[in-house]
Amino acid sequence: MEFVGRKNISRRKQFALIILCWAAYTIAYLGRYSYNSNGVPIKRFYGVENDEFSLATTFFFFAYGAGQIINGLLCRRYPMKYAIAFSLIISAAINLSVFLGLPFYLIKYAWLINGICQSVLWSSLMRILSCYLDADRMKTAVIAMSTTVSIGTFLAYGASALFALFDGFVFSFLLAAVSMAAVGTAWLFTYGAITENTRLENAETVSDDVKETEGSGNGTPISGLLAMLAVFGLFAVVTNFVKDGLTTWVPLILNEKYGLNDSLSIILTLVLPLFAIFGAVVAVWLNRRVRDHSDLVGVLFFFASACVAGIVILLKTELWYAVLALFGAVNMFAHGSNNVITSIMPLYVGKKYNAGLVAGVLNGACYVGSTASQYVIAAIATASGWNTVMITLLLCCIAATAASVLLFARRKIRKRPVNEY
C-alpha cells in the first residue's frame, strides 16, 4: 500500500526526517542511562546497596515497558510534533532535578515518570518512519535506527566515565537535561516543516492486500500478528535480560571482583557500547544471509552463549581484560538480537501491520527483560555472587538458541516460508 504522506515528501526531507528521528532517540539515552551508568559513585554517595540502587532502574523499566505497549496501541492518534518534543523536554526536566539535588528516596519516583515519558518515543518514531519513507530510504532508516541504542549508550557511559574522573557524576544528569531539551526544541520547530501538507496522524496502517485476507481463516492478519508478537516477545525478554544486565552491572563487577577504581571501571565498560555499535552492523549484514528473523536471533544467541561460557570460566581468574573483551562480544551479539527485534522486523512488516504497534509491543517486552535484569541480577549477586549471575545469563542464552532451533525445525517440517509470522 502507499501510506498517506509518502508520495508528498521529497527525498531530501526523508533524509532529514531520518536524521531527526535518529537524534531524538539517540540523545534520549543520555537521560535514560544517566542513573545506570553511575552505579558505583551513586551507591557510594548515597550509601545504598545494590538492591536499593536498583529500585530506580526497576521503576523506570517497568513504566517504560508498560508504556511501550500502551503507546504502541495509541501512537496513531498522537500529534507527533508535540508528543516527541514534550517527552524529551519532560525527561530533561527530571534529569535536571537530580542534578539540583533531588533526595535519593524520590529518585525512583522521578525515574518512574522518566520511563513513562520516554516510552512514547520508539513506537512513535517507528510509525513516523514507516509512514513517510519510500522503500530505498527505509533501508537507510533500518541501519540508522539500529545504531541509536549503541551510540546512545556509548555517549551516556562515556560522559559518566569523564565526569567520574572529577568526582562529578551529577553532571551526567545536567548533560542529559541540556541535550534532550535542545533536541526536543529542535523537533518542535523542524518536524512540521519536514512533514508539511501531510497527515500522518490519520494515515491508514493496514495495507489493502492484508484487509482482503481478514476473516479468511488460516493465516489471518490478527492470528499472524499475535503469533509473531508472542515468539519475538519471548526473544525480546531474554535479549534484554542479558543486554541490560551486562550494561548495568559490569562496572560493579569490575569494581567488586577486580578492585578497579570507579573511573577506570566505567571507562573500560565503554567497550560494551563500542561493541554494541558493531552489533547493529552485524545484524544488518547477517540479515542479508539469514533471511528469517527467528533464525537470525538464534545465530546471534549461539555466539553469545559461547562468549558467556568463556566468561564463566575466566571469571575465576585475574584475567579481567579477557573477561572484559568477552563482555563486549556478548553485548555485541545481544544488541544485534535487539536490533532485529525492535528495528529490522517492525520496519520490515510495516506494510502489513502497524509498525508503531509492533515496535511498541516488542519494545515493551524488551523492558520486561530489562526490569527483571535490574532486580533479579542484583538479588542473585547479593545471595550467590557474580559467578552465579553469569551461569544464569548462560542458561538464558542457551534457551534462546534452542527456541530458535525448534522454530526452524517446525518451519521445515511444515514447509512454511521464511518469516512465516
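Scoring rules and cut-offs
- Residues numbered from 1 in each chain as written.
- Predicted model: local features only at pLDDT ≥ 70, side-chain atom pairs only at ≥ 80, totals over all residues.
- Heavy atoms only, no water.
- Axes fitted to C-alpha atoms, helices over the stretch in contact; angles between N-to-C directions.
- Helix = DSSP H or I, 4+ residues; strand = E, 2+ residues; numbered from the N terminus.
- Parallel < 35°, antiparallel > 145°, perpendicular 65-115°, else oblique.
- Left-handed = near helix turned anticlockwise from the far one by under 90°.
- Contact = heavy atoms within 4.5 Å.
- Nonpolar A, V, L, I, M, F, W, Y, C, P; charged D, E, K, R; others polar.
- Core = buried A, V, L, I, M, F, W, Y, C linked by side-chain atoms within 4.5 Å.
- Buried < 20%, exposed > 50% of the residue type's maximum accessible area, 1.4 Å probe, protein only.
- Polar contact = N/O pair within 3.5 Å; in protein donor to acceptor, adjacent residues only side chain to side chain.
- Salt bridge = Lys/Arg side-chain N within 4 Å of Asp/Glu carboxyl O.
- Expected span 1.5 Å × (residues − 1).
- Patch = residues over 30% accessible without salt bridge, like charges linked within 9 Å, V, L, I, M, F, W, Y side chains within 5 Å.
- Areas by Shrake-Rupley, 256 points an atom, 1.4 Å probe, with all protein chains shown as cover.
- Disulfide = S-S within 2.5 Å.
- Bend = angle between axes of the 7 residues up to and from the residue.
- pLDDT = per-residue confidence, 0-100.

Peer 1: Give me the lowdown on the packing of helix H6 (residues 121–132) against helix H16 (residues 355–384), citing residues and values where you can.
Peer 2: The angle between the axes and the distance between the axes are what describe a pair of packed helices. Closest axis-to-axis distance for the H6/H16 pair is 7 Å, and the angle between their directions is 150°. It follows from the interaxial angle that H6 and H16 lie roughly antiparallel. Where H6 crosses over H16, the handedness of that crossing is right-handed. Listed contacts from H16 to Trp 122, Ser 123, Met 126, Arg 127 and Ser 130 of H6 are Ala 355, Gly 356, Ala 359, Gly 360 and Asn 363. Here the contact of H6 with H16 is built from residues that sort into four nonpolar, five polar and one charged.

Peer 1: Can you lay out the packing of helix H4 (residues 80–99) against H6 for me, pointing to particular residues and giving the numbers?
Peer 2: Contact pair H4 / H6: the axes reach a minimum separation of 11 Å and the direction vectors enclose 145°. The way H4 lies across H6 gives a crossing that is left-handed. Note on element contacts: H6 touches H4 through Leu 121, Ser 124, Leu 125, Arg 127 and Ile 128, opposite Met 80, Ile 84, Ser 87 and Leu 88. Residue classes in the contact of H4 with H6 are distributed as six nonpolar, two polar and one charged.

Peer 1: Can you break down the nonpolar core residue by residue, with the values?
Peer 2: In this structure, Trp 111, Trp 187 and Met 390 are the most contacted members of the largest nonpolar core, which totals 128 residues. The element best represented in this core is helix H11 (residues 221–258), accounting for 16 residues. Once residues lying within four places of it in the same chain are set aside, the contact partners of Met 390 are Leu 246, Val 308, Ile 311, Val 312, Leu 315 and Phe 327.

Peer 1: I'd love a proper account of the side chain of Gln 118, names of residues and values included.
Peer 2: Note that Gln 118 resides in helix H5 (residues 104–118). A polar contact of 3.0 Å, which involves the side chain of Gln 118, links it to the backbone oxygen of Ala 28. For Gln 118, the contacting residues outside a window of four places in its chain are Ala 28, Gly 31, Arg 32, Phe 60, Tyr 64, Gln 68, Ser 91 and Met 180.

Peer 1: Explain the pattern of salt bridges to me, and be specific about the residues and the numbers.
Peer 2: Evaluation of the coordinates by the stated rule reveals three salt bridges. Across the salt bridge formed by Arg 137 and Asp 134, the nearest N and O atoms sit 2.8 Å from each other. Taking relative accessible area as the criterion, Arg 137 reaches 9% and is therefore assigned buried. On the basis of relative accessible area, Asp 134 is assigned to the partly exposed category, the value being 22%. Among the salt bridges present, the one from Arg 411 reaches Asp 292, with a minimum N-O distance of 3.4 Å.

Peer 1: Before we move on, could you go through helix H8 (residues 148–164) and cite the residues and values that matter?
Peer 2: The terminal C-alpha atoms of H8, which comprises 17 residues, lie 24 Å apart, in line with the 24 Å expected from a rise of 1.5 Å per residue. When we look at burial in H8, the residues that qualify are Thr 148, Val 149, Ser 150, Gly 152, Thr 153, Ala 156, Tyr 157, Ala 159, Ser 160, Ala 161, Phe 163 and Ala 164.

Peer 1: Give me the lowdown on a nonpolar patch on the surface, citing residues and values where you can.
Peer 2: Together, Tyr 82, Phe 86, Ile 89, Ile 90 and Ile 113 make up an exposed nonpolar region whose accessible area comes to about 440 Å². Among the elements that make up the nonpolar patch, the one with the highest residue count is H4 (four residues). On the secondary structure map, Ile 89 appears in helix H4.

Peer 1: Tell me about the state of the cysteines, and please be specific about residues and values.
Peer 2: Evaluated as defined, the whole model comprises zero disulfides. A disulfide-free cysteine, Cys 131 has its sulfur positioned 8.7 Å from the sulfur of Cys 75, the nearest such atom. Residue Cys 131 is classed as buried on the basis of its relative accessible area of 1%.

Peer 1: Give a description of helix H9 (residues 171–194) that names residues and reports values.
Peer 2: Relative to the 34 Å expected for 24 residues at 1.5 Å per residue, H9 spans 34 Å between its end C-alpha atoms, a close match to the ideal helical length. Largest kink in H9: about 30°, centred on Leu 188. For H9, the complete set of buried residues consists of Ser 172, Phe 173, Ala 176, Ala 177, Ser 179, Met 180, Val 183, Gly 184, Trp 187, Leu 188, Tyr 191 and Ile 194. Buried residues in H9 make contact with helix H1 (11–32), helix H2 (39–46), H4, H5, H6 and H8.

Peer 1: Which residues make up the confidence of the model for the chain, and what are the values?
Peer 2: Here the chain shows a mean pLDDT of 82. Residues at 70 or above account for 87%. Of the regions scoring below 50 in pLDDT, residues 1–7 engages in 23 contacts with residues more than four places distant in sequence or in other chains. Here residues 201–219 is a poorly scored stretch, pLDDT under 50, and it has 32 contacts once near neighbours within four places are set aside; other chains count.

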